[in-house]
Amino acid sequence: MHFGRIATTNVKYDKPINEGIIMYLLDHLVHFVKKPEQLVETTKELGLHTVNGGKHEMWGTYNSLCYFDLSYIEFIGIFDEVLFEKAAGEPFTLHETYKNGKFQNGVVRMAFRTECIEKVAENLRSLNYDVFGPEEFSRRRPDGSILKWKLLHFGKRDQILDWPFIIEWEGNDSERYEDLLGRGTIKPHPLGNLLIKEIEIGVADLSIASEWGKVFDLEVHGTDKFKRIKMENCALTFKKIVGKNKILQIIISGAKEVKELTLEGSSYLIKK
């Protein structure tokens with residue numbers, strides 16, 4: 001059965017890459033959990049469609065995936081601690097973030113996708129960031145097929161909030177969507193026609209939002225208590241807090257009923 005486009009932001013790369021314009025979209029959120037496979041049933045009970053993903057043999061991790069159009073939540077866990085420790089030794093990776101956070105479960109990082117990752121690397125280096133990649137990676141799906149992507153990590157050693165990492169998938173968005181739909185990875189959520197609407201980030205210093213706006217060439221609006229960056233498919237809201245900088249809450253819209261959830265260390269608000 002073909003469902004058509006289930007939930008869409010109608011985002012297109014309509015600005016020519018050869019003009020030097022870089023577009024970023026929210027790709028996914030990395031939520032560390034004890035056992036990703038258990039989240040398939042846990043989220044099903046909540047009205048969400050989640051599927052088992054696969055193994056990252058090079059990093060010692062495996063995942064389950066919950067899609068909202070082409071953005072998704074990656075519930076990720078560790079199956080090989082030795083491989084994971086090796087991956088955590090690489091600068092600015094999500095593995096390093098999780099280890100530095102003393103292995104506390106929850107949403108620890110986000111990924112932005114682009115269609116010009118080499119151009120992104122050039123731009124970040126021109127802004128004096130330490131850049132690692134792009135590198136090519138792949139993983140085997142449960143059906144044996146191979147999923148491929150390029151990955152880039154960046155930052156500075158004195159940073160107080162880890163940056164999103166950058167990903168470029170093999171194939172364009174339309175091709176990927178149709179493939180994921182055909183595999184059953186993307187299906188309607190029983191809870192509604194859902195999209196990741198907003199990510200709330202707690203920071204001690206709101207100037208972080210201005211820095212993100214500069215790096216990703218996005219406008220920043222707000223007050224002395226919060227700053228908001230509007231991406232093409234999601235908003236990032238930085239709230240001033242006392243304490244550790246962290247992702248506070250994921251807001252998902254389009255639900256038939258309102259639900260406030262806490263899943264293994266992270267807060268989700270699902271609203272109409």
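Note: the structure precedes this text.
As the structure is a computational prediction, the values presented were derived from the model and not from experiment.

Colleague: What should I look at first to understand unusual backbone geometry in this one?
Modeller: Residue P134 is bonded to the preceding G133 through a cis peptide linkage, with omega at 10 degrees. Phi is positive for N128, close to 70 degrees, though the residue is something other than glycine. Here N128 lies in the loop between α4 (117–126) and β6 (130–140). The class for N128 is exposed, based on a relative accessible area of 60%.

Colleague: Even after reading the chapter, I still don't get the pairing of strand β14 (residues 259–263), so can you show me in this structure?
Modeller: Within a regular strand, the side chains alternate between the two sheet faces. Only one face of β14 is buried: it carries K259, L261 and L263, and the other face, with E260 and T262, is open. When β14 meets strand β15 (residues 266–270), the two strands line up antiparallel, connected through five bridges. Directly across from K259, in β15, lies its bridge partner I270. Following β14, the chain reverses through two residues before pairing antiparallel with β15; E264 in that reversal takes a positive phi of roughly 40 degrees.

Colleague: Where do I start with the pairing of strand β1 (residues 25–32) in this structure?
Modeller: Across the eight residues that make up β1, a large majority, eight, are buried. Sheet topology note: the β1/strand β5 (residues 106–113) ladder contains seven bridges and is antiparallel. Along β5, the bridge assignment pairs V30 with R109.

Colleague: What is the right way to look at the pattern of salt bridges in this model?
Modeller: Two side chains that carry opposite charge are able to pair once their charged atoms sit near each other. For the structure shown, the criterion picks out 10 salt bridges. For the salt bridge of K99 with E85, the shortest nitrogen-to-oxygen distance reads 2.8 Å. Here E85 lies in helix α2 (residues 81–88) and K99 lies in helix α3 (residues 94–100), a separation of 14 residues in the sequence. Residue classification places K99 among the partly exposed positions, given a relative accessible area of 36%. Taking the relative accessible area as the measure of exposure, E85 reaches 37% and is therefore partly exposed. We note a salt bridge from K150 to E118, for which the minimum N-O separation is 3.0 Å. On the criterion of sequence distance, the pair formed by K150 in strand β7 (residues 146–155) and E118 in helix α4 is long-range, its members being 32 residues apart. Residue E118 is classed as partly exposed on the basis of its relative accessible area, which comes to 39%. The network of salt bridges with common partners includes D27, R113, D173 and R176.

Colleague: For this particular structure, what's the right way to read helix α6 (residues 207–216)?
Modeller: Residues spaced three or four apart along an α-helix face the same direction, because each turn holds 3.6 residues. Here α6 has its buried residues at I208, A209, W212, G213, V215 and F216. Taken down its axis, α6 places every buried residue within 165 degrees of arc, on the same side. Positive phi shows up at D217, right after α6, with a value of about 55 degrees.

Colleague: Help me understand the sheet that holds β15, please; the structure alone is not making it clear to me.
Modeller: Hydrogen bonds between backbone groups are what pair the strands of a sheet, and the pairing can be parallel or antiparallel. Reading across the sheet, the seven strands line up as β10-β11-β12-β9-β13-β15-β14 and stay open at both edges, with mixed pairing between neighbours. Each edge of the open sheet is held by one strand with a lone partner, namely β10 (220–222) and β14. Across the sheet, the mean angle separating the axes of adjacent strands is 25 degrees when strand polarity is ignored. Of the pairings in the sheet, the one linking strand β13 (residues 246–255) to β15 comprises four bridges and is parallel in character. Paired with I251 across the bridge in β15 is L269.

Criteria and cut-off values
Residues numbered from 1 in each chain as written. Predicted model: local features only at pLDDT ≥ 70, side-chain atom pairs only at ≥ 80, totals over all residues. Heavy atoms only, no water. Helix = DSSP H or I, 4+ residues; strand = E, 2+ residues; numbered from the N terminus. Buried < 20%, exposed > 50% of the residue type's maximum accessible area, 1.4 Å probe, protein only. Pairing = 2+ DSSP bridges. Salt bridge = Lys/Arg side-chain N within 4 Å of Asp/Glu carboxyl O. Arc of directions from axis to C-beta. Axes fitted to C-alpha atoms, helices over the stretch in contact; angles between N-to-C directions.

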